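Here is how the chains run, residue by residue.
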Amino acid sequence: MVKNIKLLLLKNQKQEVMIMKHKQTEDGNFLIKLEPGDRVINAINSIMEYLNIKAGLITGIGAVNNPTLGYFDINQKKYIEKTLTGNFEVLSLNGNIAQKEEKPFCHIHVILGDNEMKTFGGHLIEMEVTVTLELIVIPLKENLRRTPDETTSLWLWNL
Ligand code: ZN
């Protein structure tokens, strides 16, 4: 048996009202359904803050448009970003949740497929849900934190 579906109303950075359906399973995991128009990274960070999840595993499938992906260039020490135009299937969304400066921070990679079944992948900067995005979050009983790393200039796990 699962707990009742909750409807979460949040305001994102643009002060738009976001609605996220979610429920907690009996084993303590979360099912989260994102709706058309939801910005994925923004929505996940918001709902993790609401659910007070400080560490966890996230996985998902669904459909999005105009995704911006990143590739971390080791020499430049920064992400090279590219926005793909059009609609894509989310074949695999995989990542983790940790705390960055006391706020939830999700680090997510995706593999996307186009209408010719070609695939693209990378570090997810942001993308918008078109049909749906079905997410499963497995919380971990750990307060996982990210701190700045001088060598890479990234915020890495502080274990
Ligand atoms: Zn990454």
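That block above? That's the structure.
Residues numbered from 1 in each chain as written. Predicted model: local features only at pLDDT ≥ 70, side-chain atom pairs only at ≥ 80, totals over all residues. Heavy atoms only, no water.

Caption draft 1: Region of interest: the overall build of the protein chain. Scanning the protein chain from N- to C-terminus turns up one helix and ten strands. The buried share among the 159 residues of the protein chain stands at 42%. Taking all contacts inside the protein chain whose residues are at least 6 apart in sequence as the whole, residues at least 24 apart take part in 58%. (Helix = DSSP H or I, 4+ residues; strand = E, 2+ residues; numbered from the N terminus. Buried < 20%, exposed > 50% of the residue type's maximum accessible area, 1.4 Å probe, protein only. Contact = heavy atoms within 4.5 Å.)

Caption draft 2: Quick look at the coordination of the zinc ion. Coordination of the zinc ion by the protein is provided by H107 (NE2), H109 (NE2) and H123 (ND1), with metal-donor distances spanning 2.0 to 2.1 Å. Between consecutive donor residues of the zinc ion, the sequence gaps follow H-x1-H-x13-H. With a gap of 14 residues between them, H109 in strand β7 (residues 103–113) and H123 in strand β8 (residues 119–139) connect regions that are remote in the sequence. Residue H109 is classed as partly exposed on the basis of its relative accessible area of 40%. For H123, a relative accessible area of 14% puts it in the buried group. (Donors = N, O, S within 2.8 Å, 3.2 Å for Na, K, Ca; no water.)

Caption draft 3: Region of the structure containing the environment of L156. Residue placement: L156 occurs in strand β10 (residues 155–158). Placed ten residues apart in sequence, L156 and R146 show a C-alpha to C-alpha distance of 4.9 Å. For L156, the residues in contact, after removing those within four places along its chain, are R145, R146, T147 and D149.

Caption draft 4: Quick look at the nonpolar core. In terms of nonpolar packing, the biggest core is built from 30 residues, with L34, V40, M48, L93, I108 and M127 touching the most fellow members. Tallying contributions element by element places helix α1 (residues 40–51) first for this core, with seven residues. Excluding its chain neighbours within four sequence positions, the residues that come into contact with I108 are I41, I44, I58, L93, N94, G95, G122, H123 and L124. (Core = buried A, V, L, I, M, F, W, Y, C linked by side-chain atoms within 4.5 Å.)

Caption draft 5: Expanded view of the side chain of D114. With respect to the secondary-structure elements, D114 resides in the loop between β7 and β8. Polar side-chain contacts of D114 include one of 2.9 Å to the backbone nitrogen of E116. Once you skip the residues sitting within four places of it in the chain, D114 turns out to touch F88 and F120. (Polar contact = N/O pair within 3.5 Å; in protein donor to acceptor, adjacent residues only side chain to side chain.)

Caption draft 6: Region of the structure containing the pairing of strand β9 (residues 145–148). Bridge count between strand β6 (residues 87–100) and β9: two bridges; the pairing is parallel. Pairing of K100 across the sheet is with R146, part of β9. Where β9 meets β10, four bridges bridge the pair, whose relative direction is antiparallel. Bridge assignment links R145 to a residue of β10, and that residue is N158. Between the antiparallel neighbours β9 and β10 lie six residues, among them S153 with a positive phi of about 70°. (Pairing = 2+ DSSP bridges.)

Caption draft 7: Seen up close, the side chain of R146. Relative to the helices and strands, R146 is located in strand β9. A polar contact is formed between the side chain of R146 and the side chain of N96, at a distance of 3.2 Å. A distance of 2.9 Å separates the side chain of R146 from the backbone oxygen of W155, its partner in a polar contact. If sequence neighbours within four positions are ignored, R146 has contacts with N96, A98, Q99, K100, F105, H107, W155, L156 and W157.

Caption draft 8: A look at the pattern of salt bridges. Overall, the coordinates contain four salt bridges when judged by the stated rule. Among the salt bridges present, the one from E102 reaches R145, with a minimum N-O distance of 2.9 Å. Residue E102 is located in the loop between β6 and β7, and its partner R145 is located in strand β9; the two are separated by 43 residues in the primary sequence. For E102, a relative accessible area of 57% puts it in the exposed group. (Salt bridge = Lys/Arg side-chain N within 4 Å of Asp/Glu carboxyl O.)

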